[in-house]
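Fold and geometry: a report
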Protein chains: 2
Amino acid sequence: MALLMAKRAAASSSSSAMKSVSAAAAIWMRSYAKVAVGTDIVSAAPNVSLQKARTWDEGVSSKFSTTPLNHIFKDKKVVIFGLPGAYTGVCSNKHVPGYKENIDKFKAKGIDSVICVAVNDPYTMNAWAEKLEANNAIEFYGDFDGSFHKSLDLVVDLSGALLGTRSQRWSAYVVDGKVKALNVEEAPSDVKVSGADTILGQI
Amino acid sequence: MALLMAKRAAASSSSSAMKSVSAAAAIWMRSYAKVAVGTDIVSAAPNVSLQKARTWDEGVSSKFSTTPLNHIFKDKKVVIFGLPGAYTGVCSNKHVPGYKENIDKFKAKGIDSVICVAVNDPYTMNAWAEKLEANNAIEFYGDFDGSFHKSLDLVVDLSGALLGTRSQRWSAYVVDGKVKALNVEEAPSDVKVSGADTILGQI
């Protein structure tokens, strides 16, 4: 219980820090088209790739290859969720574990891939996924330069939390590239609408 | 031996990727004053802070505090080394361990702090330091927005290695803020001049 309260306090406190920079972030985000239900993600983010989580040595042997969005979404039913960063509290303690624990329910509903993405490099994402023991259930991708999240207008300046420009906390159900359901948290520290339970009910 | 060769191959291959973007990086780095022997780091990077590595929960309880350079360098003998990123191969396998293994020699020479810094957030730096079991010997700091390395003209675009704008690989011996010795690798994948052995000979 003490731990739970500590987490809540942490979420609350970090929420303030995260909110304090949202106005500045909103200004430079306006040039991007906001993702919504009905958006074709592949068209909305042309020429954007994600980077599959891997070790550095795997990165080298893959010649630092990236994965076009087309490969991720075409002809597939995908649940994708984004979060502010590897090794941040709410992401590690609540958001990812919720998807990991429900992976059988997603598969039973015909979901091909459950994907976690963040504005991190793919080596950090890989190490974090291993630490969470979630890399067998969930596919992790880095968006190292934020181009995916910028294209979808899902970035926020979290410099106040020592993170820089990162992703909002969000989830989407995507069929053949088309967004069928979308949930974006008001504050990146919240997991009110972007958790596994919500999107399971939307599939 | 196979492992060693794999590491060398990794270093060699990543060197090419890292070099390929250096020309573009050089252009936008020109506006910064290059750090050199004799530079006062605190003056060269005014109003710049680093972020002590910590868990997310510690970040929240610290109110996301940062550490002014003055606190790190004033009246102290410091060995500081920078590298392209947490969870990248050469950094994890060679650069950090070299400093960790020689910590007693640094202390015997009167060094107050041996510091590792990278363009990463402090939570990722903390997790990486724990994984390397190096956080008792070495102080780890994040430079999450790259402002420290930009001020010293020590950044390089490593987008080709899926990292984005990161630090060169470098080391310095700094007394009361003044750079007494400086070693910057030609390629970020090298550890030819920035390792512990070299700077031990310069103190």
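Below is a summary of the structure that appears in this document. (Residues numbered from 1 in each chain as written. Chains lettered and ligands numbered in written order. Predicted model: local features only at pLDDT ≥ 70, side-chain atom pairs only at ≥ 80, totals over all residues. Heavy atoms only, no water.)

1. Things to note about the sheet that holds strand 1 (residues 49–52) of chain B
All names here are of chain B. The test is simple: For two strands to be treated as a pair, DSSP must find no fewer than two bridges joining them. Only runs of H or I of at least four residues qualify as helices and only runs of E of at least two qualify as strands under DSSP, and these elements are numbered from the N terminus. We call two residues in contact whenever any of their non-hydrogen atoms come within 4.5 Å of each other. Note on geometry: axes are C-alpha line fits, over the in-contact stretch for helices, and angles between N-to-C directions span 0 to 180 degrees.
A sheet is described by the order of its strands in space; here seven strands give the open sequence 2-1-5-4-3-8-9, paired in mixed fashion. Both outer strands of the open sheet, strand 2 (67–68) and strand 9 (178–184), are each paired with one neighbouring strand and no more. Note: strand 3 (residues 77–83) against strand 4 (residues 113–118), six bridges, orientation parallel. Within the sheet, the bridge partner assigned to Ile 80 lies in strand 4 and is Ile 115. Those strands touched by helix 8 (residues 122–131) are strand 1, strand 3, strand 4 and strand 5 (139–142), and its axis lies near 150° from that of strand 5.

2. Observations regarding the interface of chain A and chain B
Put simply, the test is: Here the quantity called buried area is the total loss of accessible area, with a 1.4 Å probe, experienced by two parts when brought into contact, counted for both. By definition, a salt bridge exists where a carboxyl oxygen of Asp or Glu is found within 4 Å of a side-chain nitrogen of Lys or Arg. Here a polar contact means two N or O atoms within 3.5 Å. Within protein one must be a hydrogen donor candidate and the other an acceptor candidate, and residues neighboring in sequence count only if both atoms are side-chain atoms. Residue polarity follows a fixed list, in which Ala, Val, Leu, Ile, Met, Phe, Trp, Tyr, Cys and Pro are nonpolar, Asp, Glu, Lys and Arg are charged, and the others, Gly among them, are polar.
Contact residues are listed per partner, giving 35 residues for chain A and 35 residues for chain B. Buried area between chain A and chain B, summed over both chains or domains, comes out near 2600 Å², and the portion from carbon and sulfur atoms is 65%. Where chain A packs against chain B, one counts two salt bridges. The partner of Asp121(B) in a salt bridge is Arg166(A), and the shortest N-O contact between them spans 2.9 Å. Put simply, chain A and chain B have five residue pairs in polar contact (both at pLDDT 80 or more) between them. Looking at the side of chain A that touches chain B, the elements that each hand over two or more residues are helix 1 (2–20), helix 4 (56–61), helix 6 (89–101) and helix 8 (122–131) of chain A. When the residues that make up the side of chain A that touches chain B are grouped by side-chain class, the tally is 16 nonpolar, 12 polar and seven charged.

3. Some details on the relation of the copies chain A and chain B
Note the following rule: Superposition of the copies used a least-squares fit over C-alpha atoms from residues whose pLDDT is at least 70 in both.
Expressed as a screw transformation, the operator carrying chain A onto chain B has a rotation angle of 180° and an axial translation of 0.0 Å, and the superposed copies differ by an RMSD of 0.0 Å. Such a combination of rotation and displacement between the chain copies is what one expects of a two-fold axis. In terms of proximity to the rotation axis, the leading residue of chain A is Thr124(A), whose C-alpha is 3.7 Å off the axis. Taken as a fraction of all interface residues of chain A, those also at the interface in chain B reach 97%, which identifies the copy contact as same-surface.

4. Here's the deal with the pattern of salt bridges
Close approach of charged atoms allows side chains of opposite charge to pair. Residue and element names in this part refer to chain B. How we decide: Burial classification: accessible surface area is computed with a 1.4 Å probe over protein chains only, and a residue below 20% of its type maximum counts as buried, one above 50% as exposed, and the rest as partly exposed.
A complete count under the given rule lists six salt bridges over all chains for this structure. The shortest N-O distance in the salt bridge between Asp 40 and Lys 178 comes to 3.7 Å. Within this pair, whereas Asp 40 is found in the loop between helix 2 (22–29) and helix 3 (41–44), its partner Lys 178 is found in strand 9, the two being separated by 138 residues in sequence. Its relative accessible area of 23% is what places Asp 40 among the partly exposed residues. For Lys 178, a relative accessible area of 37% translates into the label partly exposed. With a shortest N-O distance of 3.6 Å, Asp 190 and Lys 192 are connected by a salt bridge. By relative accessible area, which is 64% here, Lys 192 ends up exposed.

5. Some thoughts on the pairing of strand 8 (residues 170–175) of chain A
All names here are of chain A. Counting buried residues in strand 8 gives five out of six residues, a clear majority hidden from the surface. Here strand 3 (residues 77–83) pairs with strand 8 via six bridges, running antiparallel. By the bridge assignment, Val 79 is partnered in strand 8 with Tyr 173. Pairing geometry for strand 8 and strand 9 (residues 178–184), over six bridges, is antiparallel. Across the sheet, residue Ala 172 finds its bridge partner in strand 9, namely Leu 182. Between strand 8 and strand 9, which pair antiparallel in sequence order, lie two residues; one of them, Asp 176, sits at a positive phi of approximately 50°.

6. Comments concerning the side chain of Thr88(A)
Mapped onto the fold, Thr88(A) is located in the loop between strand 3 and helix 6. We classify Thr88(A) as buried; its relative accessible area is 3%. Here Gly85(A) takes part through its backbone oxygen, which lies 2.9 Å from a polar atom of the side chain of Thr88(A). Apart from the residues within four sequence positions on either side, Thr88(A) is in contact with Leu163(A), Trp56(B) and Tyr123(B).

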